[in-house]
Amino acid sequence: MNRIAIFGGTFNPIHNGHLHIAQQFEKQLHVQRLLFIPTFVPPHKQISDLAPAEDRLEMCRLACLGTSYEVSDLEIRRGGPSYTAETLAELKQNNPGTELYFITGEDMFLTLEQWYQPELIYSLATICAAPRSTDGVDKLHAYAKRLAAHGARVILQNIDYLPVSSTMVRDAVRQGRSIDALVPPRVAHYIQENGLYQRN
């Protein structure tokens, strides 16, 4: 059976930590395709310095050049709040007989029960998560047990933690510091050329 991994998020901007997690899960899951899907409007959090969707999509495309990863504008084309349940349902409809795996980071994984139609998410995809902190594994395991009681299938991978976040990138840009160690070179160039994240 074909397997597709979906890595959703704001990607504001995409950074080396995202690519590190994608690489590790691609190896473990043996997927045929791995899709980065940037949100149009994130429904779970307010972000004051959210770059336009088109810019976040383009940065994802630039980051994935030369890799096997794909970038989808599915949520941006749909418009409105980007609900994972709707995205997975559309992917399932367009790819019958395919197993879906949804990759998320520690912080978002720990809020899954508050997402839109979480039971539908559980039924459509296996949830994959990795810690974003040195002490995150225990919290993930405890939460995975709660989700399993509601029918969720969860894969946790204790990936070596790469201390990079989108907030770190945005802060560095505002402070005039180099982001070369945080994002792929093409993404760093795009941010500079387009004046992203210069203001609070």
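Throughout what follows, the structure given in this document is the object of discussion. On a predicted model such as this, the values are computed, not experimentally measured, just so you know. (Residues numbered from 1 in each chain as written. Predicted model: local features only at pLDDT ≥ 70, side-chain atom pairs only at ≥ 80, totals over all residues. Heavy atoms only, no water.)

Structural notes on the overall build of the protein
So, point 1. Looking only at helices and strands, the protein features 9 helices and 6 strands.
So, point 2. On C-alpha atoms alone, the protein measures out to a radius of gyration of 16 Å, which is about the 16 Å that the 2.2 N^0.38 rule sets for 200 residues.
So, point 3. The principal-axis extent of the C-alpha atoms belonging to the protein is close to 45 × 35 × 30 Å.
So, point 4. Burial analysis of the protein (200 residues in total) assigns 50% to the buried set.
So, point 5. At a minimum sequence separation of 6, the contacts of the protein that also span at least 24 residues come to 76%.
So, point 6. Carbon and sulfur atoms form 48% of the exposed surface of the protein, whose accessible area is close to 9,800 Å². (Helix = DSSP H or I, 4+ residues; strand = E, 2+ residues; numbered from the N terminus. Rg over C-alpha atoms; globule rule 2.2 N^0.38 Å. Buried < 20%, exposed > 50% of the residue type's maximum accessible area, 1.4 Å probe, protein only. Contact = heavy atoms within 4.5 Å. Areas by Shrake-Rupley, 256 points an atom, 1.4 Å probe, with all protein chains shown as cover.)

Here's the deal with the pattern of salt bridges
So, point 1. A complete count under the given rule lists 11 salt bridges for this structure.
So, point 2. Ionic pairing is found between Glu90 and Arg78, a salt bridge with its closest N-O pair at 3.7 Å. Taken together, the positions of Glu90 in helix α4 (residues 84-94) and Arg78 in helix α3 (residues 74-78) put the pair 12 residues apart, joining distant regions of the chain.
So, point 3. Judged by its relative accessible area of 26%, Glu90 falls in the partly exposed class. (Salt bridge = Lys/Arg side-chain N within 4 Å of Asp/Glu carboxyl O.)

Points about the packing of aromatic side chains
So, point 1. Throughout the structure, instances matching the rule amount to 7 aromatic pairs.
So, point 2. Summarising the aromatic geometry, the rings of Phe36 and Tyr69 are spaced 5.8 Å apart at their centres and angled 65 degrees between planes, so their arrangement reads as edge-to-face. Here Phe36 is found in strand β2 (residues 33-38), whereas its partner Tyr69 is found in the loop between α2 (53-64) and β3 (70-71), with 33 residues between them in sequence. The pair formed by Phe36 and Tyr69 is uniform in burial state, with each residue classed as buried.
So, point 3. Ring plane angle 85 degrees and centroid distance 6.0 Å describe the contact between Phe102 and Trp115, whose orientation is recorded as edge-to-face. Of the two residues, Phe102 is situated in strand β4 (residues 99-105) and Trp115 in the loop between α5 (106-109) and α6 (118-124); the sequence distance between them amounts to 13 residues. Assigned by exposure class, Phe102 and Trp115 land together as buried.
So, point 4. Every member of this aromatic cluster is reached through a ring pair, and the members are Phe7, Phe11, Phe36 and Tyr69. (Phe/Tyr/Trp six-rings, centres within 6.5 Å; stacked < 30°, edge-to-face > 60°.)

Side note on α2
So, point 1. Counted at 1.5 Å a residue, the expected span for α2 with its 12 residues is 16 Å, and the 17 Å between its end C-alpha atoms agrees.
So, point 2. In terms of burial, α2 is a largely internal element, 9 of the 12 residues being buried.
So, point 3. Those residues of α2 not exposed but buried are Ala53, Asp55, Arg56, Leu57, Met59, Cys60, Leu62, Ala63 and Cys64.
So, point 4. In this structure, the buried residues of α2 make contact with α1 (16-29), β2, β3, α3 and α9 (185-194). (Expected span 1.5 Å × (residues − 1).)

Topic: the side chain of Ser166
So, point 1. Note that Ser166 resides in helix α8 (residues 166-174).
So, point 2. Exposure remark for Ser166: the relative accessible area of 13% places this residue in the buried category.
So, point 3. Residues within four places of Ser166 in sequence aside, it is in contact with Asn12, Pro13, His15 and His18.

Structural notes on the nonpolar core
So, point 1. Of all hydrophobic cores here, the largest spans 37 residues; its most connected members are Ile14, Phe36, Ile179 and Ile191.
So, point 2. Elements represented by at least two residues in this core include exactly β1 (3-9), α1, β2, α2, β4, β5 (125-130), α8 and α9.
So, point 3. Formed by 25 residues, the second largest nonpolar core is a distinct cluster that contains Ile37, Phe102, Leu124 and Ala144. (Core = buried A, V, L, I, M, F, W, Y, C linked by side-chain atoms within 4.5 Å.)

A look at the packing of α2 against α9
So, point 1. Their axes nearest at 8 Å, the elements α2 and α9 cross at an angle of 150 degrees. Judged on the interaxial angle alone, α9 and α2 are roughly antiparallel. The two elements α2 and α9 meet at a crossing, and its hand is right-handed. Across the interface between the two elements, Asp55, Glu58, Met59, Leu62 and Ala63 from α2 touch Arg186, Val187, Tyr190 and Ile191 from α9. (Axes fitted to C-alpha atoms, helices over the stretch in contact; angles between N-to-C directions. Parallel < 35°, antiparallel > 145°, perpendicular 65-115°, else oblique. Left-handed = near helix turned anticlockwise from the far one by under 90°.)

Distances and angles like these do not, on their own, reveal function.
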